[in-house]
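Structural description and commentary
Take a look at the letters that make up each chain.
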Amino acid sequence: MQYELVEVRYEGDYATITLNHPQRRNALSLKMMEELTAAFNEVGESPVLGVILAANGPAFSAGHDFADMVGQDLVAMRRLLQVCTHLMNTIQAIPQPVLARVHAIATAAGCQLVATCDLAVASTEAKFATPGGKGGWFCTTPMVAVSRNIGRKRALEMLLTGEPIDAQTAYEWGLVNRVVPPECLVEEAQRLLEAATRGSFISKGLGKQAFYAQIDLPQPQAYAYALEVMAASSQLPDAQEGMRAFLEKRPPRFQRPGERSE
């Protein structure tokens, strides 16, 4: 697929999807969200082990593009927000770990994008905000992702005040995994993604899917679900190989993405 507002680059075992509409501060227009969804589906079906989500320009993402929204009726707005929700769900549905590499401010749906990714590394220059609390349109859908990353009181502080938080606060609150100087951002993001993609690709993909399926279930249901997933996945060739390799004191030989077991 040809992209106009995003770039997709493959390098070795990894792919980088880059928001590339800096003149609009990488606002999540309908076209941008459709291209992002297509890009994540593309890399999700590829043999890469992990994905970085990055951005070009002075902002990581300024959130929804109001130019798409002013004067739209309820049907059009519902469709646009459904496209956004589909994008967020796609990020969590693909088997590869997705890491947001945040170099600058991420607001509203842009902050939602960071919160949706499996991992996030931020520059000390990054900021995060859900500014609807200061305006006339509350950040209700960004709230879903943000409130699943940080505690209730902190989420409500962001949502009600609309004030930005700096990268260190985002780290302390659990919105990002690491905060590093700008010159270290690319290296640290790659290091964390490589650590997160060690081991069995198929096992990790199932584990990611299971994480999102169980995280909001009551504990008894979560254990019942996780038990069945873990029991079933024990029969996979990679699971058996990992066990045998441990007992035989040798490195395991896991299947690569796209490979078939003998």
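Each value, and the rule that gives it
- Residues numbered from 1 in each chain as written.
- Predicted model: local features only at pLDDT ≥ 70, side-chain atom pairs only at ≥ 80, totals over all residues.
- Heavy atoms only, no water.
- Helix = DSSP H or I, 4+ residues; strand = E, 2+ residues; numbered from the N terminus.
- Rg over C-alpha atoms; globule rule 2.2 N^0.38 Å.
- Buried < 20%, exposed > 50% of the residue type's maximum accessible area, 1.4 Å probe, protein only.
- Contact = heavy atoms within 4.5 Å.
- Areas by Shrake-Rupley, 256 points an atom, 1.4 Å probe, with all protein chains shown as cover.
- Pairing = 2+ DSSP bridges.
- Expected span 1.5 Å × (residues − 1).
- Polar contact = N/O pair within 3.5 Å; in protein donor to acceptor, adjacent residues only side chain to side chain.
- Axes fitted to C-alpha atoms, helices over the stretch in contact; angles between N-to-C directions.
- Salt bridge = Lys/Arg side-chain N within 4 Å of Asp/Glu carboxyl O.
- Core = buried A, V, L, I, M, F, W, Y, C linked by side-chain atoms within 4.5 Å.
- Phe/Tyr/Trp six-rings, centres within 6.5 Å; stacked < 30°, edge-to-face > 60°.

**Quick word on the overall build of the protein chain**
When helices and strands are counted, the protein chain shows ten helices and ten strands. For the protein chain, the C-alpha radius of gyration of 19 Å lies close to 18 Å, the compact-globule estimate for 262 residues. A burial count over the protein chain gives 43% of its 262 residues as buried. For the protein chain, contacts bridging at least 24 residues in sequence account for 68% of all contacts bridging at least 6. Working note: accessible area of the protein chain is about 13900 Å², and carbon and sulfur atoms make up 55% of it.

**Some words on the pairing of strand β1 (residues 6–11)**
Examined bridge by bridge, β1 and strand β2 (residues 14–19) share six bridges and lie antiparallel to one another. Bridge assignment links tyrosine 10 to a residue of β2, and that residue is alanine 15. Between the end of β1 and the start of β2, which pair antiparallel, lie two residues, with glycine 12 showing a positive phi angle near 65°.

**A few points about the pairing of strand β5 (residues 98–102)**
Counting buried residues in β5 gives five out of five residues, a clear majority hidden from the surface. What you see with β5 is no split at all: Val98, Ala100 and Val102 on one side and Leu99 and Arg101 on the other are buried throughout. Bridge count between strand β3 (residues 50–55) and β5: three bridges; the pairing is parallel. Across the sheet, valine 51 pairs through a bridge with valine 98, a residue of β5. Relative to strand β7 (residues 119–123), β5 is paired through four bridges, and the arrangement is parallel.

**Focus: helix α8 (residues 201–214)**
Between its terminal C-alpha atoms α8 stretches 20 Å, which fits the 20 Å expected from 14 residues at 1.5 Å a residue. Close packing links the buried residues of α8 with α2 (74–93), β5, α9 (219–233) and α10 (237–248). Structurally, the start of α8 carries an N-cap: the backbone nitrogen of isoleucine 202 is 3.5 Å from a side-chain oxygen of serine 200.

**Looking at the sheet that holds strand β4 (residues 59–61)**
Taken together, four strands build an open sheet; the order of strands is β4-β6-β8-β9 and the sheet is mixed. In the strand order of this sheet, the two ends are held by β4 and β9 (165–166), each with one partner. Of the pairings in the sheet, the one linking strand β8 (residues 127–129) to β9 comprises two bridges and is antiparallel in character. Within β9, the residue paired with lysine 127 across the bridge is aspartate 166. Running at roughly 100° to strand β6 (residues 105–107), helix α3 (residues 109–116) makes contact with β4, β6 and β8 of the sheet.

**Observations regarding the pattern of salt bridges**
When the charged atoms of two side chains lie near each other, side chains of opposite charge can form a pair. Evaluation of the coordinates by the stated rule reveals twelve salt bridges. Two residues, arginine 148 and aspartate 216, come together in a salt bridge whose shortest N-O distance is 3.2 Å. Linking arginine 148 in the loop between α4 (140–147) and α5 (152–161) with aspartate 216 in the loop between α8 and α9, this pair joins segments that are 68 residues apart in sequence. Neither residue differs from the other here; arginine 148 and aspartate 216 are each classed as exposed. The network of salt bridges with common partners includes Glu4, Lys31 and Glu35.

**Focus: the sheet that holds β2**
Where strands meet in a sheet, backbone hydrogen bonds hold them as pairs that are either parallel or antiparallel. Ordered in space as β1-β2-β3-β5-β7-β10, the six strands form an open sheet in which the pairing is mixed. On the outer flanks of this sheet lie β1 and β10 (178–180), each paired with one strand and no other. Along the sheet, successive strands turn relative to each other by an average axial angle of 20°, direction set aside. In the packing of helix α1 (residues 30–44) onto the sheet, the strands contacted are β1, β2, β3 and β5, and the crossing angle to β1 comes to about 15°.

**Observations concerning the nonpolar core**
Counting 55 residues, the largest nonpolar core has Leu36, Phe40, Leu53, Leu113, Val114 and Phe128 as the members making the most contacts within it. A total of seven residues in this core trace back to one element, the largest contributor, which is α2. Not counting chain neighbours up to four residues away, the residues in contact with valine 114 comprise Phe60, Ala100, Val102, Ala106, Ala120, Phe128, Leu175 and Val176. With 13 residues, the next largest nonpolar core counts Ile52, Ala54, Leu185 and Phe201 among its residues.

**Focus on the packing of aromatic side chains**
Each pair of aromatic rings is reported with the distance of its centres and the angle of its planes. Applying the stated criterion across every chain yields a total of two aromatic pairs. Arranged with centres 6.2 Å apart and planes meeting at 55°, the rings of phenylalanine 66 and tryptophan 137 form a pair that is tilted. With phenylalanine 66 in the loop between β4 and α2 and tryptophan 137 in the loop between β8 and α4, the pair connects residues that are 71 residues apart, well separated along the chain. Look at phenylalanine 66 and you get exposed, because its relative accessible area is 53%. What makes tryptophan 137 partly exposed here is its relative accessible area of 41%. Residues phenylalanine 211 and tyrosine 212 carry aromatic rings whose centres are separated by 5.2 Å and whose planes lie at 85° to one another, so their mutual orientation is edge-to-face. Tyrosine 212 sits in the partly exposed class, given a relative accessible area of 25%.

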